[in-house]
Amino acid sequence: MNAPHETAMWPESEPEAASAPSNRLKIQRETHKLEKRLCRLVSKAIVDFNMIEEGDRVMVCVSGGKDSYGLLDILLKLQRRAPINFEIVAVNLDQKQPGFPVEVLPNYLSQLGIEYHIETQDTYSIVKKVVPEGKTMCSLCSRLRRGILYSVADQLKITKIALGHHRDDMLHTFFLNMFFGGKLKGMPPKLVSDDGHHMVIRPLAYVSEKDLTRWAQHREFPIIPCTLCGSQENLQRQEVKRMVNAWERQYPGRTETMLTALQNITPSHLMDPKHYDFKGIQASGQASEDGDKAFDPEPIPKPTIPGLGLITPIA
Ligand code: SF4
């Protein structure tokens, strides 16, 4: 009775065994490509925005999430082959959230053999005491964290503070500000801190979250969950994330195009008089190839990315 079934099973297992090495090779090739892409994009951001210079002492803020692990990992790789010398100090702030596994980051960073500092400050109790039950704690929590990280940067004689925000975070922030704040304002790749003393950089500015997720899986980073504080991710951010992801599914490549747009702005074609002197403009009498053809619709460039052709230009 069993014989026919046993025979029928063979063809299924046989090809799987035969294809295992080629699958492994494929995965290795993909991982190698991913590593090259991450290194290339991080180097590009560093060069494009002059993020790291000779002699810098870069503090990499490591939270235990996939993005900051990825940032540290890639910066360490680049440090070995960079044409300039710079130092890396990994810093974690233990905010005393319940269940925070205190040994995970020190163990990981010790194994790497790099300079690191764990700052322990109980901001969790402060936030819990001050913020009424049911209200979001993130704003006060981040304000306290920021202040502590700045003072740690001073103590450690840091010249640049590197954060693990990636391309998608930056886009989401841009849309959040536009939809809910009425501002065209994103998350810059490099900025001077609000206390005016520190240079903050975001070397993952060109890197997608998808790539960071895959890299974290490949490197098996000991991830610390980000939900320990019990606070929910902001609902508006969730909504924007869903919207951007849905666009990307429908029109692959749109996220990349939107990021390009953030680097390609035309203040004279927006409406902010602080950035363009609309009151003072005068006709120069000279024809200009780049001048505005006010009555014609803006030509939409031919799509170079599959799916973009599906967008209907608005006349
Ligand atoms: S999610 Fe929790 S740890 Fe993160 S900023 Fe909000 S309150 Fe702070």
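Further up the page is the structure itself.
Residues numbered from 1 in each chain as written. Predicted model: local features only at pLDDT ≥ 70, side-chain atom pairs only at ≥ 80, totals over all residues.

## Concerning the overall build of the chain
The following threshold applies: Each helix corresponds to a stretch of at least 4 residues labelled H or I by DSSP, and each strand to a stretch of at least 2 residues labelled E; elements are numbered beginning at the N terminus. Whether a residue is buried, exposed or partly exposed is read from the other C-beta atoms within 10 Å of its own C-beta, which are placed from the backbone; 20 or more gives buried, 12 or fewer gives exposed, and intermediate counts give partly exposed. Whether two residues are in contact is decided by their C-beta atoms, placed from the backbone, lying within 7 Å.
Helices and strands together make up the secondary structure of the chain, namely 9 helices and 6 strands. Across the 315 residues that make up the chain, the buried fraction comes to 22%. Here the contacts in the chain between residues at least 6 apart in sequence split such that 77% fall between residues at least 24 apart.

## Side note on the environment of R167
With respect to the element layout, R167 can be found in helix α6 (residues 167–181). Residue contacts for R167: discarding those within four places in its chain leaves A205, Y206, V207, S208 and L259.

## Details of the site of the ligand
The following threshold applies: Each residue gets a C-beta atom placed from its backbone. Should that atom fall within 6 Å of a molecule or strand, the residue is termed near it. As a working rule, the residues Ala, Val, Leu, Ile, Met, Phe, Trp, Tyr, Cys and Pro are called nonpolar, Asp, Glu, Lys and Arg charged, and the rest polar, with Gly in that last group.
Within the structure, the ligand sits among M137, C138, C141, S142, C229 and S231. Of the residues belonging to the shell around the ligand, the class tally is 4 nonpolar, 2 polar and no charged.

## Things to note about the pairing of strand β2 (residues 87–94)
Selection criterion: Following DSSP output, two strands are said to pair if at least two bridges run between them. If you view a crossover with the strands going away from you and the path from the first strand over the helix to the second runs clockwise, you call it right-handed.
Pairing geometry for strand β1 (residues 57–61) and β2, over 5 bridges, is parallel. Across the sheet, V58 pairs through a bridge with I88, a residue of β2. Handedness of the β1-helix α2 (residues 66–81)-β2 crossover: right-handed. Judged from the 6 bridges that link them, β2 and strand β3 (residues 115–120) form a sheet pairing that is parallel. Residue pairing across strands places D94 opposite T120, the latter belonging to β3. After leaving β2, the chain enters helix α3 (residues 104–112) and then returns to the sheet as β3, a path that is right-handed.

## Examining the packing of helix α4 (residues 123–130) against helix α5 (residues 138–155)
Packed helix pairs are characterised by how far apart their axes lie and by the angle those axes make with each other. For clarity, the cut-off: Here an axis means a line fitted to C-alpha atoms, over the contact stretch when the element is a helix, while the angle between two N-to-C directions is reported on a 0 to 180 degree scale. Should the near helix be turned anticlockwise from the far one by less than a right angle, the crossing is left-handed, and should it be turned clockwise, the crossing is right-handed.
At a closest axis distance of 10 Å, the pairing of α4 and α5 adopts a crossing angle of 145 degrees. Judged by the twist between their axes, the crossing of α4 over α5 is right-handed. Contacts from T123, I126, V127 and V130 of α4 reach α5 at L140, C141, L144 and R145. Grouping the constituent residues of the contact of α4 with α5 by class yields 6 nonpolar, 1 polar and 1 charged.

## Some thoughts on unusual backbone geometry
If you check the backbone angles, K157 has positive phi at about 55 degrees while not being a glycine. Among the secondary structure elements, K157 is positioned in the loop between α5 and β4 (160–162). For E220, which is not a glycine, the phi torsion comes out positive at approximately 50 degrees. Mapping E220 onto the fold places it in the loop between α7 (209–219) and α8 (235–250).

## Some thoughts on the pairing of β1
Along a regular strand, successive side chains alternate from one face of the sheet to the other. The buried count for β1 comes to 4 of 5 residues, which makes it a mostly enclosed element. Bridge analysis of β1 against β4 gives 3 bridges, and the strand direction is parallel. Bridge assignment links M59 to a residue of β4, and that residue is I161.

## What about the packing of α6 against helix α9 (residues 254–262)?
Just so we agree on the cut-off: We call two directions roughly parallel when the angle between them is under 35 degrees, roughly antiparallel when it is over 145, roughly perpendicular when it lies between 65 and 115, and oblique otherwise.
Running from N to C, α6 and α9 point in directions that differ by 70 degrees, and their axes come no closer than 10 Å. What the angle tells us is that α6 and α9 run roughly perpendicular. Crossing of α6 over α9 shows left-handed handedness. Together, R167, L171 and F174 of α6 and T255, M258, L259 and L262 of α9 make up the contact between the two elements. The class makeup of the residues in the contact of α6 with α9 is 5 nonpolar, 1 polar and 1 charged.

## A word on the sheet that holds β2
One open sheet accounts for 6 strands, arranged β3-β2-β1-β4-β6-β5; its pairing is mixed. Each having just a single partner strand, β3 and β5 (190–192) make up the two edges of the open sheet. Across this sheet, the average inter-strand angle for adjacent strands is 25 degrees, counted without regard to direction. Relative to strand β6 (residues 199–201), β4 is paired through 2 bridges, and the arrangement is parallel. Following the sheet pairing, I161 is matched in β6 by V200. Across the sheet, α5 touches β1, β2, β3 and β4, and the angle it forms with β2 is around 145 degrees.

## Considerations on the nonpolar core
We apply this condition: In this description, a nonpolar core means buried residues of the types Ala, Val, Leu, Ile, Met, Phe, Trp, Tyr and Cys, linked to one another by C-beta atoms lying within 7 Å.
Judged by nonpolar contacts, the single largest core of 42 residues is most densely connected at V42, M59, V60, C61, V62, I161 and A162. Those residues within four positions of M59 in sequence are excluded, and the remaining contacts are V89, V91, A153, L156, I158, I161 and A162.

Note that every value here comes from positions in space, so none of it alone points to a role or purpose.
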